[in-house]
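So you can see what is in the structure, the chains are spelled out below.
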Amino acid sequence: MIRTMLIGTLMVACTNLGFAQDIKRTPIRPSHPLLGAWKIELPEFACYEMYNLRANGTRRTISGREVSESVFRISDYPSARGFYKWIDKIVKHNGQADCTGEKSPIGDIAINYILLHPDGTQFLLCSEENLHECIGPFIRQESI
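I will try to describe carefully the structure that is included in this document. (Residues numbered from 1 in each chain as written. Predicted model: local features only at pLDDT ≥ 70, side-chain atom pairs only at ≥ 80, totals over all residues. Heavy atoms only, no water.)

Things to note about the overall build of the chain
Each helix and strand in the chain was counted, giving 1 helix and 8 strands. Starting at the N terminus, the α and β elements of the chain follow one another as α-β-β-β-β-β-β-β-β. Every one of the 144 residues in the chain was classed for burial, and the buried ones make up 45%. Sequence separation of 24 or more characterises 55% of the internal contacts of the chain that already satisfy a separation of 6 or more. On the chain, roughly 7,300 Å² of surface is accessible, and the fraction owed to carbon and sulfur atoms is 55%. (Helix = DSSP H or I, 4+ residues; strand = E, 2+ residues; numbered from the N terminus. Buried < 20%, exposed > 50% of the residue type's maximum accessible area, 1.4 Å probe, protein only. Contact = heavy atoms within 4.5 Å. Areas by Shrake-Rupley, 256 points an atom, 1.4 Å probe, with all protein chains shown as cover.)

Topic: the sheet that holds strand 2 (residues 47–53)
The strand order 1-2-3-4-5-6-7-8 describes a closed barrel built from 8 strands, whose pairing is antiparallel. For this sheet the average axis-to-axis angle between neighbouring strands, irrespective of direction, equals 35°. With 6 bridges connecting them, strand 3 (residues 58–63) and strand 4 (residues 66–74) associate as antiparallel partners. Within strand 4, the residue paired with serine 63 across the bridge is glutamate 66. (Pairing = 2+ DSSP bridges. Axes fitted to C-alpha atoms, helices over the stretch in contact; angles between N-to-C directions.)

Observations concerning the state of the cysteines
Where two cysteines share a covalent bond between their sulfur atoms, that bond is called a disulfide. All chains considered together, the criterion is met by 2 disulfides. Covalent S-S linkage joins cysteine 47 and cysteine 99, the inter-sulfur distance amounting to 2.0 Å. With the S-S bond torsion at -65°, the cross-link from cysteine 47 to cysteine 99 turns out left-handed. Of this pair, cysteine 47 sits in strand 2 while cysteine 99 is found in the loop between strand 5 (83–93) and strand 6 (109–116), placing the two residues 52 residues apart along the sequence. (Disulfide = S-S within 2.5 Å.)

Re the environment of valine 91
As for its placement among the helices and strands, valine 91 is situated in strand 5. With a relative accessible area of 37%, valine 91 lands in the partly exposed category. Every residue in contact with valine 91, bar those within four places of it in the chain, is listed here: Glu69, Ser70, Val71 and Ile106.

Focus: the packing of aromatic side chains
Throughout the structure, instances matching the rule amount to 5 aromatic pairs. With centroids separated by 6.0 Å and ring planes inclined at 70°, the aromatic side chains of tyrosine 51 and tryptophan 86 adopt a geometry described as edge-to-face. Highlighted residues: tyrosine 51 in strand 2 and tryptophan 86 in strand 5, separated in sequence by 35 residues. The exposure class of tyrosine 51 is buried, given its relative accessible area of 6%. Judged by its relative accessible area of 2%, tryptophan 86 falls in the buried class. For the pair phenylalanine 72 and tryptophan 86, a centre-to-centre distance of 6.4 Å together with 80° between the ring planes defines the contact as edge-to-face. In this pair, phenylalanine 72 sits in strand 4 while tryptophan 86 sits in strand 5, placing the two residues 14 residues apart along the sequence. Take phenylalanine 72 and tryptophan 86: they sit in the same class, and that class is buried. One Lys or Arg, lysine 39, reaches over the ring of tyrosine 48 and ends 4.3 Å from the middle of that ring. (Phe/Tyr/Trp six-rings, centres within 6.5 Å; stacked < 30°, edge-to-face > 60°. Lys NZ or Arg CZ within 6 Å of the ring centre and 35° of its normal.)

Structural notes on the pairing of strand 4
With 7 of its 9 residues buried, strand 4 lies for the most part within the structure. Taking the residues between adjacent antiparallel strands as the criterion, strand 3 and strand 4 are bridged by 2 residues, where glycine 64 takes a positive phi near 60°. Bridge analysis of strand 4 against strand 5 gives 7 bridges, and the strand direction is antiparallel. The residue of strand 5 that forms the bridge with serine 68 is histidine 93.

Right under this line is the structure:
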């Protein structure tokens with residue numbers, strides 16, 4: 001099992017702003033191993049986040065009272081180091097606070113790297129293609 005690795009808060013640990021990039025919804029293959037619903041427990045905030053990655057290149061997230069929608073691109077296969085590159089842009093939300101008490105800014109772009117467990121049931125979300133600053137595990141859920 002992948003152990004939980006929380007570095008700082010969720011917003012700091014996994015967000016790298018890509019100001020020069022414009023992210024457009026990019027559909028991905030229906031058999032991509034990261035499609036579906038994923039949940040991370042955040043006990044230090046007495047909260048959880050639920051991500052639903054869809055084949056049409058959109059993501060719906062529930063974090064605390066916040067419900068947001070993003071468009072994303074994700075690599076079709078992992079790199080030589082075993083990570084999927086994920087670029088995500090928030091396009092709308094309900095204006096409520098997330099697990100950290102913050103509101104995700106519309107237009108925020110995050111570049112992260114996902115290390116999927118070999119059994120496909122969990123992953124770590126990392127700020128770089130290494131395990132130095134990661135959060136997780138995100139656990140696969142039934143579709144939401």
